[in-house]
Amino acid sequence: MTDSAETTLPSYEEQDSPQNRVLLNPKTRRIRWTLNGPLETAITLARDRFFDPDEVPEPYHQGHAFAQAPLTKPKVSSLKLYVETLDDWDHLWMEIHRDHTDPNATYDPANVVYGPLPGVDEAELRGGKHLLVCCGLKRPWGRKTQLVVKATGNFVTIHDFISTVHPYLMARRGDIIETMNLDPGRTRKPFGRKTKLMVTWQCAKGVEIWDEADWRAYHTRNKPKLPLSSLNLPPALVNAMRLEAQRKRERPRSKTLEELWGSDDE
Ligand SMILES: [Zn+2]
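Residues numbered from 1 in each chain as written. Predicted model: local features only at pLDDT ≥ 70, side-chain atom pairs only at ≥ 80, totals over all residues.

A. Quick peek at the overall build of the chain. Secondary structure summary: the chain contains ten helices and 13 strands in total. Taking all 266 residues of the chain together, the buried fraction comes to 24%. (Helix = DSSP H or I, 4+ residues; strand = E, 2+ residues; numbered from the N terminus. Buried ≥ 20, exposed ≤ 12 C-beta atoms within 10 Å, placed from the backbone.)

B. Here's a closer look at the pairing of strand β12 (residues 197-203). In terms of residue burial, β12 counts as a mostly covered element, since six of its seven residues are buried. Where strand β2 (residues 31-34) meets β12, two bridges bridge the pair, whose relative direction is antiparallel. Directly across from Thr-34, in β12, lies its bridge partner Met-198. Bridging between β12 and strand β13 (residues 206-211) involves six bridges; their strand directions are antiparallel. Bridged to Met-198 within β13 is Trp-210. Between β12 and the antiparallel strand that follows it, β13, lie two residues. (Pairing = 2+ DSSP bridges.)

C. Highlighting the sheet that holds strand β9 (residues 130-134). The strand order across the open sheet formed by three strands is β8-β9-β10, and the pairing between neighbours is antiparallel. Of all the strands in the sheet, just β8 (113-115) and β10 (137-138) have a single pairing partner and so form its edges.

D. Highlighting unusual backbone geometry. Pro-74 follows Lys-73 through a cis peptide bond whose omega is 0°. With respect to the element layout, Pro-74 can be found in the loop between β5 (72-73) and β6 (78-80). Here the amide bond leading from Lys-189 into Pro-190 is cis, since omega sits at -5°, within 30 degrees of zero. Considering the arrangement of structural elements, one finds Pro-190 in the loop between α7 (173-182) and β12. Non-glycine residue Cys-135 carries a positive phi angle of around 50°. Note on placement: Cys-135 falls in the loop between β9 and β10.

E. Molecular detail of the sheet that holds strand β4 (residues 58-59). Read from one edge to the other, the open sheet built from six strands follows the order β4-β3-β2-β12-β13-β7, with strand pairing classed as mixed. The open sheet is flanked by β4 and β7 (82-83), the only strands paired with a single partner. With two bridges joining them, strand β3 (residues 43-45) and β4 adopt antiparallel strand pairing. When the bridges of β4 are listed, Leu-45 appears paired with Glu-58.

F. Molecular detail of α7. Buried within α7 we find Ile-176, Thr-179 and Met-180. Along the long axis of α7, the arc covered by the buried residues comes to 105°, so they all point the same way. (Arc of directions from axis to C-beta.)

G. The nonpolar core, seen in detail. Counting residues in each nonpolar core, the largest one holds 40 residues, and the members touching the most others are Leu-35, Val-156, Phe-161, Val-165, Met-198 and Val-199. Breaking this core down by element, the ones donating at least two residues are β2, α5 (89-97), α6 (158-171), α7, β12 and β13. Sequence-distant contacts of Met-198, that is, excluding residues within four places in its chain, are made with Trp-33, Thr-34, Leu-35, Trp-210, Glu-212 and Trp-215. (Core = buried A, V, L, I, M, F, W, Y, C linked by C-beta atoms within 7 Å. Contact = placed C-beta atoms within 7 Å.)

H. Here's a closer look at the environment of Pro-184. Summarising the element assignment, Pro-184 is placed in the loop between α7 and β12. Residue Pro-184 is classed as partly exposed on the basis of its 19 C-beta neighbours within 10 Å. If we skip the residues at most four places from it in the chain, Pro-184 touches Leu-237, Ala-240, Met-241 and Glu-244.

I. Summary view of α6. The terminal C-alpha atoms of α6, which comprises 14 residues, lie 20 Å apart, in line with the 20 Å expected from a rise of 1.5 Å per residue. Within the span of α6, buried status applies to Ile-158, His-159, Asp-160, Phe-161, Ile-162, Val-165, His-166 and Leu-169. The secondary structure elements touched by the buried residues of α6 are α3 (39-42), β3, β11 (148-150), α7, β12 and β13. (Expected span 1.5 Å × (residues − 1).)

J. Structural detail: the packing of α5 against α7. Here α5 crosses α7 at 40°, and the two axes come no closer than 9 Å. In terms of orientation, α5 and α7 fall into the oblique class. Like other packed secondary-structure pairs, α5 and α7 cross with a definite hand, here left-handed. Taken together, the residues of α7 that come into contact with α5 (itself represented by Trp-89, Leu-92, Trp-93 and Ile-96) are Asp-175, Thr-179 and Leu-182. Here the residues of the contact of α5 with α7 are counted per class, giving five nonpolar, one polar and one charged. (Axes fitted to C-alpha atoms, helices over the stretch in contact; angles between N-to-C directions. Parallel < 35°, antiparallel > 145°, perpendicular 65-115°, else oblique. Left-handed = near helix turned anticlockwise from the far one by under 90°. Nonpolar A, V, L, I, M, F, W, Y, C, P; charged D, E, K, R; others polar.)

Written out as structure tokens, the structure reads:
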């Protein structure tokens, strides 16, 4: 492809389809991305995606050849970021609060507010009322991920992605922690401001946020797989985790990361 052709590259959204997925550069498997401070100290390069307590990862910097590699295959001019943790916020919040204001439930009306939701088609409503505040807490409506990553050169590079997404995630760190505390699939709650966080790719345009302890446990090689039933968790939690897992499986984007990575051509 010539330079002039690359200046008119389509976006991720224009190129991605179930038949022709936009794939994530497999090099990103080496990126160890922490979400606890400024970009300058957040990123290192490990051998692979697995956690090895004895490994000292390489420093990462913008001038690294790696940083200027295309993020995706095919290359894209821009992409709309997807962060599952933030995009699930409203759903998880409603899962917790919807029953609080059930007509048969008793609640303190002073702590509950109903009203119109911006951007909702009233025709699609059942009952016509929206929960806006419950338990004195404002519903996180309209707080999904809103960020477009644009190429600084001809195409979006690994560094374009990281350097745009990292400050955004840092600015929304409080929101992320709040959502993590609502997620029945996370067992180490409650998370606080000081919880150490990690970022991993979930697809070429999307990332997932982990608490560091969970990330390490999941990324340790040959970890034993324990059935949920052996963990001695409360049945309600196990049920909620199964439902959550099923909901995620049913999503169109719920491919495994391996399927979304391109082949490693090095
Ligand atoms: Zn409530």
